[in-house]
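# Summary of the model geometry
Chain residues, written in single-letter form:
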Amino acid sequence: QVQLVESGGGLVQAGGSLRLSCVVSGSIFSINAMGWYRQAPGKQRELVADIKSGGTTKYADSVKGRFAISRDTAKDTVYLQMNSLKPEDTAVYYCNAKRIGGYDNWGQGTQVTVSS
């Protein structure tokens, strides 16, 4: 099993920045990829960005050039740096770990609210 604890959400004005953190513990060796997802009210959860174990990253088109995913293996932490935030980025952001065998682990979520 893997445990994920997110932090860093909050209220920010449009154009501002936030950095989300996800601390990972447990069976870290079993993780193939880490990602950030978000879910806005009335919408489906969607992938924002992910990073494979080899370092390859992927971003949703809506956040390319504004968000950056990174990891600090010494701290077992994954980050999502969010710049130039827009009201449409408002959502609950979830950290995700994809593990060997096709298993998914999720954090509890952190709210990001961008005011116009």
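The sections below set out a description of the structure shown in this document. (Residues numbered from 1 in each chain as written. Predicted model: local features only at pLDDT ≥ 70, side-chain atom pairs only at ≥ 80, totals over all residues. Heavy atoms only, no water.)

### Some words on the pairing of strand β5 (residues 46-52)
Consecutive side chains of a regular strand alternate in pointing toward one face of the sheet and then the other. Using the following cut-off: At least two DSSP bridges between two strands are needed for those strands to be called paired. Helix numbering and strand numbering both begin at the N terminus, where a helix is a DSSP run of H or I of at least 4 residues and a strand a DSSP run of E of at least 2.
Relative to β5, strand β4 (residues 31-39) runs antiparallel, the two sharing six bridges. Looking across to β5, one finds that Y37 is bridged to L47. As defined by bridge partners, β5 adjoins strand β6 (residues 57-59) across three bridges and the pair is classed as antiparallel. Residue pairing in the sheet places A49 in a bridge with Y59 of β6. Turn length for the β5-β6 hairpin, with the two strands adjacent in sequence and antiparallel, is four residues, and the turn residue G55 shows positive phi of about 105°.

### Notes on the packing of aromatic side chains
What counts here: Geometry of aromatic contacts follows a simple scheme: Phe, Tyr and Trp rings, the Trp one being its six-membered ring, pair when their centres are within 6.5 Å, and the pair is stacked under 30 degrees between planes, edge-to-face over 60, tilted otherwise. Classification of residues uses two cut-offs on accessible area relative to the type maximum, computed with a 1.4 Å probe and protein chains only: under 20% is buried, over 50% is exposed, and between them is partly exposed. In this analysis the charged atom, NZ for Lys or CZ for Arg, is taken to sit over a ring once it is within 6 Å of the ring centre and within 35 degrees of the ring normal.
The final tally for this structure, using the stated rule, is two aromatic pairs. On the basis of an interplanar angle of 70° and a centroid distance of 5.0 Å, the ring pair of Y37 and W106 is categorised as edge-to-face. A residue pair is termed long-range when its members are at least 10 positions apart, and Y37 in strand β4 and W106 in strand β10 (residues 103-106) qualify at 69 residues. Taking the relative accessible area as the measure of exposure, Y37 reaches 14% and is therefore buried. Considering the side-chain rings of Y94 and W106, the 6.4 Å spacing of their centres and the 90° angle between planes classify their relative orientation as edge-to-face. One end of the pair, Y94, is in strand β9 (residues 91-99); the other, W106, is in strand β10, and twelve residues separate them in sequence. Judged by relative accessible area, which is 14%, Y94 ranks as buried. Chaining the aromatic ring pairs together yields one cluster made of Y37, Y94 and W106. The cationic tip of R45 hangs over the ring face of Y94; the distance from NZ or CZ to the ring centre is 3.7 Å. In this arrangement the basic side chain of R45 is found over the ring face of W106, its NZ or CZ atom lying 4.5 Å from the centre.

### Brief notes about the state of the cysteines
Working definition: the covalent bond between the sulfur atoms of two cysteines is a disulfide. Filter applied, for reference: When two cysteine sulfur atoms are found within 2.5 Å, that pair is recorded as a disulfide.
Across all of its chains, the model carries one disulfide by this definition. The residue that forms a disulfide with C22 is C95, at a sulfur-sulfur distance of 2.1 Å. Here C22 and C95 share a disulfide; its torsion about the S-S bond, -85°, makes the bridge left-handed. With C22 in strand β3 (residues 18-26) and C95 in strand β9, the pair connects residues that are 73 residues apart, well separated along the chain. Per residue, the accessibility class of C22 equals that of C95, and both read buried.

Treat this as a map of the structure, not an account of what it does.
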